[in-house]
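Structural overview for review
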Amino acid sequence: MPETYKNNVSAQIGNLWKLIGNTPFIAVSYRFKGGPEQQVLVKCEQYNMTGSIKDRMALYILQKASEQGKIRPGDMIVEATSGNTGIAFAAIGKAIGNRVRIIMPDWMSLERKAIIKSYGAEVKLVSKEEGGFLGSIAMAEAMSHYDGVFLPRQFANRYNVEAHEKTTGREIGHSLLLEEIKPAAFVAGVGTGGTVMGVGNFLRSLFPEMKVHPLEPAESPTLSAKYKAGSHRIQGISDEFIPDILDLNNLDQVLQVNDGEAILMAQKITKELGMSVGISSGANLAAAIRLQQQLGTNKAVVTIFPDNNKKYLSTDLFKEEPFREGYLTKDVQLIAHRVLNKV
């Protein structure tokens, strides 16, 4: 690899880290069934460069690939993704001077497809008949045999987990120490598994007794069933299979949230707190509140807002969603949020 290119990429990656990470960590105050005020702690990843937590993983993987000489001038980055990862690689790949091809299921939101294309990346859409998400991964893998192609392989890449150990988890952990808060549990929806594994690993190094709960849609309990089960509307999690980097044996009970409840909670976050979040953010907060009610109001529960709502304009997030029996959203009043100490 030419030294000039390597130095330029290293400098640009360092510059990009100024736009990615060190996101706000907040306490969301709420009342449940008119009871006393409580709070859930939330890392707000919608404030990253492209509006999602996937920026961290994408930049870290490309940084490691550059350092190790695995990506060269003119190489094409090829990744299978459900959306946010594609957006992150499209933007960051363009910033460091590489071409990007994203392979994704054709049922992802129109906004995700358009945003990826706006960064100059190629988009290959895959239908259910062509294999859906697993078909997308197979198509990406088939390109690994070509010269000049780099595959991040987000579902199997250990650097995905390490990215969240070294950035997201470290930031949350240090903020908790500054606030003198001992967390009882961390909750996160599972897409690749990088967030729940990486953040969980780091927080457990500080708080060994803390529980780490992966989250899945109730309509598609792939983690619980150990195989693809059902369909759902929480884009970005439960992508038809259990990722290689997800170690369920090292995690606690799998939590479930209905996609309708996730949509209603995301709408509530925007309406009552004035924060732009996607459907998975609603799922995470609903699960965190439900868990806190089980553990006790004095137990601190931490979760993530993975992205903003800009990628969901054409989805059910911006439509009227009916309440159903068992949803807790009608019993939750979101009061306010307070930014906690940053690292």
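To keep things clear, this report deals only with the structure shown in the data block. Please read all numbers here as calculations on a predicted model, not as lab measurements. (Residues numbered from 1 in each chain as written. Predicted model: local features only at pLDDT ≥ 70, side-chain atom pairs only at ≥ 80, totals over all residues. Heavy atoms only, no water.)

As for its placement among the helices and strands, E165 is situated in helix 6 (residues 158–179). Of note is the side chain of E165, whose polar atom sits 2.8 Å from the side chain of N201. Non-local contacts of E165, meaning those with residues more than four positions away in its chain, are made with R158, R170, G198, N201 and F202. (Helix = DSSP H or I, 4+ residues; strand = E, 2+ residues; numbered from the N terminus. Polar contact = N/O pair within 3.5 Å; in protein donor to acceptor, adjacent residues only side chain to side chain. Contact = heavy atoms within 4.5 Å.)

Taken across its seven residues, strand 2 (residues 38–44) has six buried, putting it largely inside the fold. Note: strand 1 (residues 25–32) against strand 2, six bridges, orientation antiparallel. Residue pairing across strands places F25 opposite K43, the latter belonging to strand 2. If you look at the hairpin formed by strand 1 and strand 2, you'll find five residues sitting between the two strands, and K33 has a positive phi there, around 55 degrees. Pairing geometry for strand 2 and strand 10 (residues 300–305), over four bridges, is parallel. Directly across from K43, in strand 10, lies its bridge partner I304. (Buried < 20%, exposed > 50% of the residue type's maximum accessible area, 1.4 Å probe, protein only. Pairing = 2+ DSSP bridges.)

What follows is about the sheet that holds strand 10. If you trace the seven strands from one edge of the open sheet to the other, you get 9-8-7-10-2-1-11, paired in mixed fashion. Edge positions in the sheet fall to strand 9 (255–257) and strand 11 (332–339), since each has one partner strand and no second. Neighbour to neighbour, the strand axes of the sheet diverge by 30 degrees on average, direction disregarded. (Axes fitted to C-alpha atoms, helices over the stretch in contact; angles between N-to-C directions.)

A few words on the nonpolar core. Formed by 37 residues in total, the largest nonpolar core has its most connected members in I269 and L285. In terms of residue count, helix 10 (residues 279–295) provides more of this core than any other element does, eight residues in total. (Core = buried A, V, L, I, M, F, W, Y, C linked by side-chain atoms within 4.5 Å.)

To continue, consider the sheet that holds strand 5 (residues 122–126). Strand order in the open sheet formed by four strands is 5-4-3-6, and the pairing between neighbours is parallel. The strands lining the two open edges of the sheet, one partner per strand, are strand 5 and strand 6 (149–150). Bridge count for strand 3 (residues 76–80) against strand 4 (residues 99–105) is five bridges, and the pairing is parallel. Residue pairing across strands places V78 opposite R101, the latter belonging to strand 4. Packing against the sheet, helix 5 (residues 132–142) makes contact with strand 3, strand 4 and strand 5, and its axis sits at approximately 150 degrees to strand 4.

All right, on to the pairing of strand 4 then. Within strand 4, five of the seven residues are buried, which leaves it mostly tucked inside the rest of the structure. Between strand 3 and its parallel partner strand 4, the chain crosses via helix 3 (residues 84–96), and the hand of that crossover is right-handed. Across five bridges, the pairing between strand 4 and strand 5 is parallel. Bridge pairing in strand 5 links M104 to L125. (Right-handed = clockwise from strand over helix to strand, strands pointing away.)

Another point: the packing of aromatic side chains. Under the defined criterion, the tally for this structure stands at four aromatic pairs. Seen from their ring centres, F133 and F241 are 6.0 Å apart, and the 45 degrees between their planes marks the pair as tilted. Taken together, the residues F133 in helix 5 and F241 in the loop between helix 8 (222–225) and strand 9 connect sequence positions 108 residues apart. On the basis of relative accessibility, which here comes to 2%, the residue F133 falls in the buried class. On the basis of relative accessibility, which here comes to 18%, the residue F241 falls in the buried class. Arranged with centres 5.0 Å apart and planes meeting at 65 degrees, the rings of F155 and F241 form a pair that is edge-to-face. A residue pair is termed long-range when its members are at least 10 positions apart, and F155 in the loop between strand 6 and helix 6 and F241 in the loop between helix 8 and strand 9 qualify at 86 residues. Three or more aromatic residues joined by ring pairs form one cluster here, namely F133, F155 and F241. K128 extends its terminal NZ or CZ atom over the ring of W107, reaching a point 3.8 Å from the ring centre. (Phe/Tyr/Trp six-rings, centres within 6.5 Å; stacked < 30°, edge-to-face > 60°. Lys NZ or Arg CZ within 6 Å of the ring centre and 35° of its normal.)

Let us look at the pattern of salt bridges. This model, assessed by the stated rule, comprises 17 salt bridges. D307 is the partner of R112 in a salt bridge, and the nearest nitrogen-oxygen pair spans 3.9 Å. Taken as a pair, R112 in helix 4 (residues 110–118) and D307 in the loop between strand 10 and strand 11 lie far apart in primary sequence, 195 residues in all. This pair shows no difference in class: R112 is buried, exactly as D307 is. For K319, the salt bridge is made with D316, and the minimal N-O distance between the two is 3.6 Å. Using a relative accessible area of 48% as the deciding quantity, one classes K319 as partly exposed. Taken together, the salt bridges that share partners define one network made up of R233, D259, D316, K319 and E321. (Salt bridge = Lys/Arg side-chain N within 4 Å of Asp/Glu carboxyl O.)

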